[in-house]
Structures are given as C-alpha cells and as structure tokens.
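Geometric and topological summary
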Amino acid sequence: MADEITAGGITVPLTHPGKVLFPADGITKADLARYYADVADRMLPWLRDRPISMVRYPDGLDGQRFFQKNAPSYFPDWIRRVRVGKEGGEVEHAICDKPATLVYLANQACIEIHGFTSRVDKLDAPDQVVFDFDPPDGKRFAEVRRAALWARDLLDGELGLTSFVRTTGGRGLHVHVGLNRRADFDEVREFAHRVAEMLARRHPDAITAEQRKDKRGDRIYADVMRNAYAQTVVASYGVRGRPGAPVATPLNWAEVEDDALQPGQFTIETIRARLDGGADPWADFAESRHGLGEAAKRLAKLDP
C-alpha cells in the first residue's frame, strides 16, 4: 500500500495508510486520501478562499470524532491559513486551495470538510444561501425530494432566483442559491427564514420551520441555520462520516424528480463513474448569482 501521494506537485506522506476508517466497508485512510486526490479538481472550487472546519475520526467511525476549527501549528507551511474573528478572539482556520491539502487532511483522519458560505475577502457577505431539508428518523426520502421541489418552485418560479440541489451525504437534500455578496448575513438569514416559513405555511402537514425537535412531529425540517456568520456547510464532493462513505453530490433537478434517487447512492466507490461520464450539474453556479432585493419584494407580496 502506498505510503505517500503526490497531488498538484506536492508529495504528502501517509502515516498508517492501512488504518481502517470505515469498518463496515473496509475503507482505509489511504483510500480516503486517494479519493480526495482524485476529486480535487471538482471539489476545490467549492472550498477555495473559504475557511474550513474539520470533522476528524482518529480511530475511524467506531471511535470518537471531534469537530476542529483551528489549524494546528504542526500543519505544513504550504497549507494556507486565515484568522477569523469570533466573540472574544479569533480562530486560525485552514483553507483548501491545493489538491495536496485535501490529501493532508485525509491523512489527519479528517473525513468531513466543511466550508464557510462566505469567502476570505468579504467574510461578512455570504455568496450563497442554503436550505437544508432534513427528515426526521424513519422519514421516506420521497418526502424530502418533494420538499426540495416545492422550494425550487418557490425560489425559481415565483421569486426569480436560480436554485441548485445536492445530496448532503446524509439523509437529506441541500438547496443553494448563489448570491452576489451585496447582502450581509443578517439580511440573508432573514430572507431564508421567510422562505422556510412560507413553505411551512403552504405545506403545514409536510414541512416545518420549527427549530425545536419536539415541535416538528414527522414533518421535514426546513433548516436555515447555516446562513449565519462563521457557520459552515459540507463541501460538495466531500465524504461524510457514515457507513458506506457517502458523498455530498451536486445533482440536476431532473434527478430529484426521479423516484430512483436515494440519499446514500453516491459514495467514494460509486461517484467516480459519475464524474468520469457526466457534466457538472452545478457548472453554471458562479454565473447564476443573484441579489435578494427583488426576490424579497416578491416574497413579501405572496399570500401565505
């Protein structure tokens, strides 16, 4: 088994490459590192210039995980860092702008990589708004798909925006809208809350915007809590710390309309064929950014 991987001209040594991170699947640290090297060209555009947080599993999925924001001092100098202000101080985050950074993080048993919804040159202005449709335990994925499609109809059909959808690598779907960075987080979060509440009013038996779990019942939760300063969202093509090593995968809307879609069907074992054989369904994301002014006016005029 290889004990080093060269990515983007930088050679990254692997320590204990045979360590199994996904026990039920036999997926090793080396497998994870090779996956991240292979998908770097697709993944880095969604991470470049964004502070990241890491979810690390030093002993694999069967061990304890921890969520880490700061970039440790032992990270190599070629990994870019940025200091981000927080209440009472600041945190030095890593930034993934090189294929080798992805490989290095995998060697640190960092399975999940989560990025800010804003970029370092304007951290207080998000470049996307995110709606996370999260099912309660046992909820059928068909109902998650239906909720995401209702969101698309509202965002695109009535508010004049352009929405994009992806699997989360978990049980739900994320719907994103690209923004032109003229609104701050308060404005974006308020807009997202109003959209979620509109969906809940229109479909009260199917969707809820309630943050408290004991008030949601068996409805799909339209979660907009990631639309805040320094909150993060899993990177597209990033692996999740779940059995099967599922991947957060950009989709086209026709796939969401198809009953065959399943939340965990894209994994580090299956996604390569998709990437080798198909176009990027989010290829137009950067060219489809919007301001929220007109959309907010249209939303205010809609009846519940």
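A brief structural summary. (Residues numbered from 1 in each chain as written. Predicted model: local features only at pLDDT ≥ 70, side-chain atom pairs only at ≥ 80, totals over all residues. Heavy atoms only, no water.)

**Comments concerning the overall build of the chain**
For clarity, the threshold we go by: Segments assigned H or I by DSSP are reported as helices when at least four residues long, segments assigned E as strands when at least two residues long, and all are numbered from the N terminus. All radius of gyration figures rest on C-alpha atoms, and the globule criterion is 2.2 Å times the number of residues raised to 0.38. Burial classes follow relative accessibility: with a 1.4 Å probe on protein chains only, a residue under 20% of its type's maximum area counts as buried, one over 50% as exposed, and anything between as partly exposed. Contacts: residue pairs with any heavy atoms within 4.5 Å of one another.
A tally of regular secondary structure across the chain gives eight helices and 16 strands. Taking 304 residues into account, the globule formula puts the C-alpha radius of gyration at 19 Å, and the chain, at 19 Å, falls close to it. Each of the three principal axes of the chain carries a C-alpha extent, and together these read 60 × 40 × 40 Å. Taken across its 304 residues, the chain has 54% of its residues classed as buried. At a minimum sequence separation of 6, the contacts of the chain that also span at least 24 residues come to 69%.

**Thoughts on the nonpolar core**
Convention followed: Nine residue types can take part in a nonpolar core, namely buried Ala, Val, Leu, Ile, Met, Phe, Trp, Tyr and Cys, and a core is a set of them joined through side-chain atoms within 4.5 Å.
If you look at the biggest cluster of nonpolar residues, it comprises 50 residues, and the most contacted ones within it are Y35, Y36, M43, L102, I113 and V239. Of all hydrophobic cores here, the second largest spans 40 residues; its members include V129, V165, A192 and V195.

**Quick look at the environment of D49**
Residue placement: D49 occurs in the loop between α2 (40–43) and β5 (52–56). Taking the C-alpha atoms as reference points, D49 and R202, 153 residues apart in sequence, are found 38 Å from one another. Sequence-distant contacts of D49, that is, excluding residues within four places in its chain, are made with R80, I95, S118, R119 and V120.

**Notes on the pairing of strand β9 (residues 110–116)**
For clarity, the cut-off: Strand pairing is assigned whenever DSSP detects at least two bridges linking the two strands.
Buried residues dominate β9, accounting for seven of its seven residues. With five bridges joining them, β5 and β9 adopt antiparallel strand pairing. Along β9, the bridge assignment pairs I52 with G115. In the sheet, β9 pairs with strand β15 (residues 232–234) via three bridges, with the strands oriented antiparallel. When the sheet's bridge partners are listed, H114 is paired in β15 with V234.

In short, shape yes, function no, at least from these values alone.
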